[in-house]
Amino acid sequence: MMDEYKGIAPKGDLLLLRKLGGVFAGKSFLHVNSTREGGGVAEILHRAIPIMESLGIKVRWEVLTGDAKFFDITKKIHNALQGHPEAFTPDMWAYHEEINRKSTLDLGADCVYIHDPQPAPLVQRREGGTWVWRCHIDVSAPQKDVWQSLKLFCERYDGAVFSIAKFARSMPLPEFIIPPSIDPVSDKNRELSGREIRDSMDKLQVPLDRPMLLQVSRFDRFKDPIGVINAYRLVKKYNDCILVLAGSPATDDPEGAAVLNEVKEYASGDPDITILLLPPFSDREINALQRAATVVLQKSLKEGFGLTVSEAMWKEKPVLGGAVGGIPLQIVHGLTGFLVHSSEGAAFRIRQLLNNPAMAKRLGERGKEHVRANFLITREVRDYLSTWYSLVNPNKNILEL
Ligand code: UDP
């Protein structure tokens, strides 16, 4: 497994992973979250676990199951933590705790990583081992009462991990920042031949005869698809190009369906705008689109980390992104892409890139190296094991490997 990353991931990361493997080989590691399919956390675990196993660590992944009532409550907790007010009653918290208390999960392991708020109360059942709460969401401005209730569990862990510093909350325990990552050997990111790219574009009916602007996103107002169309229209006055907006159909999300209709309406009548509805698990198609694009946008108004940015940068594309959430960590303005604050600003940068292919190439090349150094899955696994190493050596200032 590790060999697949040779020549792709930084040598230092692979070396450190092997060293940490040497420390922890034969030990047991448990990940717990609340879904095996769908969402970024499940995706990371699917890819991270084989790497950890190949180091000789005995890894298990358990999923906390609950009923509709439980997930309705945890969805509300999730929203309230991210700053969207929700009403809570004591029996909702009691139910959240009860589902965790009654679960029959085997929690025995040398290191236990509990992902997100749903299974956070499991810490009450800890017996031994190092327990880490891995928070993937932004809890920097939560609804106060909700954080007060959840915090009682979080503070009982040995350590907490957040994705970016500005999403964290201060707690009386060691805290670590571990950004998300992409897997360079997955179907979404692996190299594709020119033939594979052309075949995919044929299938999706995307022409390759002109420069392509691309945004890959759920149809969500915070991803600003209308702003992307406005930027394209400003560019189109001077430069011939096409725009592709790719996302999944949002059957279970009425808000998503409404946004999609708005976008379709706004784009109607322009044959050079393609709105692609991709089925779930269209990794290969997304890979091909990102590789076929000339300029990639992620013009978000609000964002978590924004994995699509790293995905496009890994493919050596110049990327324009809104200066929100984790995007500025990935886009170093003027070096690995451009941060934009308006449709006019985006249009200006798109034209600059279309008219200056050498500059676009330079940004793309630097972008790829930035992702290689910072946002590959090997680094994320390295960091998980490093937090474990640091937590089992609490009083040492220097840790030797
Ligand atoms: N994605 C996908 N299909 C789509 C739209 C997006 O598979 O139709 C993927 C995209 O490639 C990325 C992830 O979903 O890997 C979106 O993550 P990001 O952090 O950019 O945004 P989020 O949707 O989590 O807000």
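Coordinates for the structure precede this section.
I will try to describe carefully the structure that is included in this document. Remember, it's a predicted structure, so these values are computed and weren't measured experimentally.

## Some remarks on empty space enclosed by the protein
Part 1 of the reasoning: Under the definition given, this model contains 1 cavity of 30 Å³ or more.
Part 2 of the reasoning: Reported here for the largest cavity is a volume of approximately 50 Å³.
Part 3 of the reasoning: Along its surface, the largest cavity is lined by Gln-215, Ser-217, Arg-218, Phe-219, Lys-223, Pro-225, Leu-245, Ala-246 and Gly-247.
Part 4 of the reasoning: Here the lining of the largest cavity is composed, by residue class, of 4 nonpolar, 3 polar and 2 charged.

## Focus: the sheet that holds strand S4 (residues 130–135)
Part 1 of the reasoning: With respect to topology, 6 strands assemble into an open sheet ordered S2-S1-S3-S4-S5-S6, the strand pairing being parallel. Of all strands in the sheet, those bounded by a partner on one side alone are strand S2 (58–63) and strand S6 (175–177). Taken pair by pair, the neighbouring strands of this sheet meet at an average axis angle of 20°, ignoring direction.
Part 2 of the reasoning: Along the sheet face, helix H14 (residues 377–391) touches strand S1 (28–33), strand S3 (111–115), S4, strand S5 (159–162) and S6 and points at about 140° away from the line of S4.

## Concerning the pairing of S5
Part 1 of the reasoning: Neither face of S5 is left uncovered, since the one carrying Gly-159 and Val-161 and the one carrying Ala-160 and Phe-162 both have all their residues buried.
Part 2 of the reasoning: Here S4 pairs with S5 via 4 bridges, running parallel. For Trp-133, the partnering residue across the bridge sits in S5 and is Ala-160.
Part 3 of the reasoning: Following the backbone out of S4, through helix H5 (residues 144–154) and into the adjacent parallel S5, one traces a crossover that is right-handed.

## Looking at the site of the ligand
Part 1 of the reasoning: Around the ligand, a shell composed of Lys-188, Val-216, Arg-218, Lys-223, Gly-247, Ser-248, Ile-286, Glu-303, Gly-306, Leu-307, Thr-308 and Glu-311 is seen.
Part 2 of the reasoning: Side-chain polar atom of Lys-188 to an oxygen atom of the ligand: 3.1 Å apart, as the coordinates give it.
Part 3 of the reasoning: In this structure, an oxygen atom belonging to the ligand sits 2.8 Å away from a side-chain N or O atom of Lys-223.
Part 4 of the reasoning: Computed on the free molecule, the ligand has an accessible area of 550 Å², of which 78% lies beneath the protein chains in the complex.

## Observations regarding the sheet that holds strand S7 (residues 212–216)
Part 1 of the reasoning: An order of S9-S8-S7-S10-S11-S12 is seen for the 6 strands of this open sheet, with the pairing classed as parallel. For this open sheet the edge positions go to strand S9 (273–277) and strand S12 (338–340), each flanked by a neighbour on one side alone. Averaged over all pairs of adjacent strands, the angle between their axes in this sheet comes to 20°, without regard to strand direction.
Part 2 of the reasoning: As paired elements, S7 and strand S8 (residues 242–247) share 5 bridges and run parallel to each other. Its bridge partner being in S8, Val-216 is matched across the sheet by Ala-246.
Part 3 of the reasoning: Running at roughly 155° to S12, helix H12 (residues 343–354) makes contact with S7, strand S10 (295–298), strand S11 (319–322) and S12 of the sheet.

## Quick word on the pattern of salt bridges
Part 1 of the reasoning: This model, assessed by the stated rule, comprises 33 salt bridges.
Part 2 of the reasoning: Among the ionic pairs, Glu-191 bridges to Arg-291, the shortest N-O distance being 3.9 Å. In this pair, Glu-191 is assigned in the loop between S6 and helix H6 (194–204) and Arg-291 in helix H9 (residues 283–292), connecting sequence segments 100 residues apart.
Part 3 of the reasoning: Residues joined by salt bridges that share partners form a network here, namely Asp-209, Arg-210, Lys-236, Asp-240 and Asp-272.

## Thoughts on the packing of helix H1 (residues 11–24) against H14
When two helices pack together, their arrangement is captured by the angle between the axes and the distance separating the axes.
Part 1 of the reasoning: Here H1 crosses H14 at 40°, and the two axes come no closer than 10 Å. Here H1 lies oblique to H14, going by the angle between them. Where H1 crosses over H14, the two elements pack in a sense that is left-handed. Mapping the contact onto sequence places Asp-13, Leu-14, Leu-16, Leu-17, Leu-20, Val-23 and Phe-24 in H1 and Thr-378, Arg-379, Val-381, Arg-382, Leu-385, Ser-386, Trp-388 and Tyr-389 in H14.
Part 2 of the reasoning: Of the residues assigned to the contact of H1 with H14, the class counts are 10 nonpolar, 2 polar and 3 charged.

## What about the packing of aromatic side chains?
Part 1 of the reasoning: The tally for this structure, following the rule as stated, stands at 11 aromatic pairs.
Part 2 of the reasoning: Arranged with centres 4.8 Å apart and planes meeting at 45°, the rings of Tyr-113 and Tyr-384 form a pair that is tilted. Of the two residues, Tyr-113 sits in strand S3 while Tyr-384 sits in helix H14, which places them 271 residues apart along the sequence.
Part 3 of the reasoning: Among the residues examined, Tyr-384 registers a relative accessible area of 1% and is labelled buried.
Part 4 of the reasoning: Through a chain of ring-to-ring contacts, three or more aromatic side chains come together here, namely Phe-24, Phe-29, Tyr-113, Tyr-384, Trp-388 and Tyr-389.

## Focus: the side chain of Asn-100
Part 1 of the reasoning: When you line up the elements, Asn-100 lands in helix H4 (residues 90–102).
Part 2 of the reasoning: A polar atom in the side chain of Asn-100 sits 2.9 Å from the backbone oxygen of His-96.
Part 3 of the reasoning: Setting aside anything within four residues of it in sequence, one finds Asn-100 in contact with Leu-64, Phe-70, Gln-118, Pro-119, Ala-120, Pro-121, Leu-122 and Arg-125.

## Describing the nonpolar core
When a protein is soluble and globular, its nonpolar side chains tend to lie buried together.
Part 1 of the reasoning: Within the largest apolar cluster, 69 residues are counted, with the highest numbers of intra-cluster contacts made by Phe-29, Met-201, Val-206, Met-212, Leu-289 and Leu-385.
Part 2 of the reasoning: By size, the runner-up hydrophobic cluster in this structure holds 36 residues, among which are Leu-81, Met-92, Ala-120 and Trp-133.

## With respect to the side chain of Asn-189
Part 1 of the reasoning: Tracing the backbone shows Asn-189 in the loop between S6 and H6.
Part 2 of the reasoning: A distance of 3.1 Å separates the side chain of Asn-189 from the backbone oxygen of Asp-183, its partner in a polar contact.
Part 3 of the reasoning: Among residues more than four places away in sequence, those in contact with Asn-189 are Ile-182, Asp-183, Pro-184, Asn-287, Arg-291, Glu-311, Trp-314 and Lys-315.

How each quantity is defined
- Residues numbered from 1 in each chain as written.
- Predicted model: local features only at pLDDT ≥ 70, side-chain atom pairs only at ≥ 80, totals over all residues.
- Heavy atoms only, no water.
- 1 Å grid on protein atoms, 1.4 Å probe; cavity = no way out; pocket = protein on both sides within 12 Å on 5 of 7 lines; lining within 4 Å.
- Points joined across faces, edges and corners; volume = space filled by probe spheres on them.
- Nonpolar A, V, L, I, M, F, W, Y, C, P; charged D, E, K, R; others polar.
- Pairing = 2+ DSSP bridges.
- Helix = DSSP H or I, 4+ residues; strand = E, 2+ residues; numbered from the N terminus.
- Axes fitted to C-alpha atoms, helices over the stretch in contact; angles between N-to-C directions.
- Contact = heavy atoms within 4.5 Å.
- Buried < 20%, exposed > 50% of the residue type's maximum accessible area, 1.4 Å probe, protein only.
- Right-handed = clockwise from strand over helix to strand, strands pointing away.
- Near = heavy atom within 4 Å.
- Polar contact = N/O pair within 3.5 Å; in protein donor to acceptor, adjacent residues only side chain to side chain.
- Areas by Shrake-Rupley, 256 points an atom, 1.4 Å probe, with all protein chains shown as cover.
- Salt bridge = Lys/Arg side-chain N within 4 Å of Asp/Glu carboxyl O.
- Parallel < 35°, antiparallel > 145°, perpendicular 65-115°, else oblique.
- Left-handed = near helix turned anticlockwise from the far one by under 90°.
- Phe/Tyr/Trp six-rings, centres within 6.5 Å; stacked < 30°, edge-to-face > 60°.
- Core = buried A, V, L, I, M, F, W, Y, C linked by side-chain atoms within 4.5 Å.

Nothing here speaks to function; it is geometry throughout.
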